[in-house]
Amino acid sequence: MSGVTSRTLRHYDEIGLLRPAYAAANGYRYYGQDELLRLQQILVLRELGVGLPEIGRILDEQTDRLAALRSHHKRLLEERDRLATLAATVARTIGEIEGGRMGNVKINRPENLFEGFDNAQYADEARERWPEQFAQSQRKAASLTEEEAEQLQRESTAAMIRMAEFMAAGTPVEDGAVQAEIHEHYVGVCRFWTPDATAYACLGRMYVDDGRFTATYNKIAVGLAAYYRDAIEVYARTRLS
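Here is what the cut-offs are and how they apply
Every chain begins its residue count from 1, and numbering advances along the sequence as written. Where totals are concerned, whole chains, interfaces and linings use all residues; where local detail is concerned, this predicted model gives features only for residues with pLDDT of at least 70, and gives and counts side-chain atom pairs only at 80 or more. Computation of side-chain values: all heavy atoms of the structure, hydrogens and water removed. Strands are runs of DSSP state E lasting at least 2 residues, helices are runs of H or I lasting at least 4, and numbering of each runs from the N terminus. Each residue is assigned to one of three classes by its accessible area relative to the maximum for its type, calculated with a 1.4 Å probe on protein chains only: buried under 20%, partly exposed between the two thresholds, exposed over 50%. Here a residue-residue contact requires only that any non-hydrogen atoms of the pair lie within 4.5 Å. We get accessible surface area from the Shrake-Rupley algorithm with a probe of 1.4 Å; when it comes to residues, only the shown protein chains can shield them. Our arc is simply the arc of the directions from the helix axis toward the C-beta atoms. Any Lys or Arg side-chain nitrogen located within 4 Å of an Asp or Glu carboxyl oxygen qualifies as a salt bridge. In this analysis, axes come from line fits to C-alpha atoms, helices being fitted only over the stretch in contact, and the angle between any two N-to-C directions falls in the range 0 to 180 degrees. Working rule for angles: under 35 degrees goes down as roughly parallel, over 145 as roughly antiparallel, 65 to 115 as roughly perpendicular, anything else as oblique. Gly counts as polar in this scheme, as do all residues outside two lists: the nonpolar Ala, Val, Leu, Ile, Met, Phe, Trp, Tyr, Cys and Pro, and the charged Asp, Glu, Lys and Arg. Grouping into patches uses exposed residues only, defined as over 30% relative accessible area, and leaves out salt-bridged ones; the cut-off is 9 Å for like charges and 5 Å for nonpolar side chains (Val, Leu, Ile, Met, Phe, Trp, Tyr). By convention a nonpolar core is built from buried Ala, Val, Leu, Ile, Met, Phe, Trp, Tyr and Cys residues, the set being connected through side-chain atoms within 4.5 Å. Here a Phe, Tyr or Trp ring, Trp counted by its six-membered ring, pairs with any other such ring whose centre lies within 6.5 Å, and the pair is stacked when the planes are under 30 degrees apart, edge-to-face when over 60, and tilted otherwise. The quantity known as pLDDT measures the predictor's confidence residue by residue, on a range of 0 to 100.

**Points about the overall build of the protein chain**
Next, step 1: Counting its regular elements, the protein chain contains 11 helices and 2 strands.
Next, step 2: Reading the protein chain from its N terminus to its C terminus gives the helix and strand order α-β-β-α-α-α-α-α-α-α-α-α-α.
Next, step 3: Going through the 241 residues of the protein chain one by one, you find that 32% of them count as buried.
Next, step 4: Excluding contacts between residues fewer than 6 apart, the proportion of contacts in the protein chain whose partners are at least 24 apart in sequence is 64%.
Next, step 5: Total accessible area on the protein chain is roughly 14,900 Å²; 52% of this is exposed by carbon and sulfur atoms.

This is how it looks when you write it as structure tokens:
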């Protein structure tokens, strides 16, 4: 029923990982409910990449089978979400290759994309939509010197160019290097206000949903806003939740 071969079961018996309930005189091994539940846990942990010696230690140390199963279930759901994100990234890359877009991403490299940028035009809207965050960010912005503000703008532009290079190379958004870049992005946001997982994911979606943000990011490379959104969603789910 489990798809495990008799040879594997004999090996599990030999190393003490899964012993049968009893063995008949003819050598047949018989497994009851407890053994089948233990086998299920072994197979789950194997799917999660845990080695046999470690599986044996985990199972021997557990005292609450239900709690252990809940823990395994949680890890499986997390792995499902990770694989779903990875599959979506690969599907998007396939679509881009089929559409002839991969390998032809044009990356603009301005020294400072935000030079001369007037954010006063968004002040009233931001104040209305996010009054607390707006007030906090305004206080922080007011504390910056002109040189500090200019440096921050240049750093933001450089970070966008690095992300565009990842995108052009087809790097999955859950890749460690991409997520490290997003971490720096999150740290930068936290200099002005501190979003939780939901707020940070919403910020990423706004890069795509609000045409003004999309246009700014796409000045570096077309599709960059969506790439940021997807990478931010992964970060919010895996690091902030």
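**Some words on helix α1 (residues 6-14)**
Next, step 1: Three or more residues of α1 are buried, namely L9, Y12 and D13. For α1, the buried positions fall inside an angular range of 100° around the axis, keeping them on one side. Facing away from the buried surface of α1 by more than 90 degrees, the exposed residues are R7 and E14.
Next, step 2: Of the surrounding elements, those touching the buried residues of α1 are β2 (29-30), α2 (33-47) and α3 (52-61).
Next, step 3: At the exit of α1 stands G16, carrying a positive phi of roughly 80°.

**Description of the side chain of Q179**
Next, step 1: Looking at the element boundaries, Q179 is found in helix α8 (residues 176-190).
Next, step 2: Beyond its immediate chain neighbours, meaning those up to four positions away, Q179 contacts V173, E174, A231, V234, Y235 and T238.

**Let's talk about the pattern of salt bridges**
Next, step 1: Enumeration over the complete set of coordinates arrives at 10 salt bridges.
Next, step 2: The partner of R57 in a salt bridge is E54, and the shortest N-O contact between them spans 2.4 Å. Of the two residues, R57 and E54 are both situated in helix α3; the distance of 3 residues between them amounts to about one turn of the helix.
Next, step 3: Look at R57 and you get partly exposed, because its relative accessible area is 37%.
Next, step 4: Residue E54 is classed as partly exposed on the basis of its relative accessible area of 33%.
Next, step 5: Its salt-bridge partner being R212, residue D210 comes within 2.8 Å of it at the nearest N-O pair.
Next, step 6: In this structure D210 comes out as buried when scored by relative accessible area, which is 12%.
Next, step 7: Classification of R212 by relative accessible area gives partly exposed; the value is 35%.
Next, step 8: Several salt bridges share partner residues, and in doing so they unite D13, R19 and R29 into one network.

**Points about the packing of helix α9 (residues 197-209) against helix α11 (residues 224-240)**
Next, step 1: Where α9 meets α11, the closest approach of the two axes is 7 Å, and the angle between their N-to-C directions is 175°. In terms of orientation, α9 and α11 fall into the roughly antiparallel class. In contact with A197, Y200, A201, G204, R205, Y207 and V208 of α9, α11 contributes A225, A226, Y228, R229, I232, E233, Y235, A236 and L240.
Next, step 2: Considering only residue class, the contact of α9 with α11 consists of 12 nonpolar, 1 polar and 3 charged.

**Things to note about a nonpolar patch on the surface**
Next, step 1: Together, Y22, Y28 and Y30 line one region of the surface with nonpolar side chains, adding up to about 360 Å² of accessible area.
Next, step 2: Counting through the fold element by element, Y22 comes out in strand β1 (residues 22-23).
Next, step 3: Among the residues examined, Y22 registers a relative accessible area of 48% and is labelled partly exposed.

**Some thoughts on the nonpolar core**
Next, step 1: Ranked by internal contacts, the top residues of the largest apolar core, which has 33 residues, are M163, I182, Y200, I220, L224 and Y228.
Next, step 2: When contributions to this core are tallied by element, the ones reaching two or more residues are α7 (146-168), α8, α9 and α11.
Next, step 3: Those residues in contact with M163 that sit more than four places away from it in its chain are V178, E181, I182, L224, Y227, Y228 and A231.
Next, step 4: Y12, L18, L45 and L59 belong to the second largest nonpolar core, which has 13 residues in total.

**Here we look at the packing of aromatic side chains**
Next, step 1: Counting across every chain of the model gives 8 aromatic pairs.
Next, step 2: With a centroid separation of 4.9 Å and 70° between ring planes, the pair formed by Y186 and Y200 is classed as edge-to-face. With Y186 in helix α8 and Y200 in helix α9, this residue pair connects regions lying 14 residues apart in the sequence.
Next, step 3: One aromatic cluster in this structure is built from Y207, F213, Y217 and Y228.

**Section: the confidence of the model for the protein chain**
Next, step 1: In the predicted model, the protein chain carries a mean pLDDT of 81, and 80% of its residues have values of at least 70.
Next, step 2: Model confidence for the protein chain, summarised as mean pLDDT per element, is weakest for helix α5 (residues 123-129) at 53 and strongest for α11 at 94.

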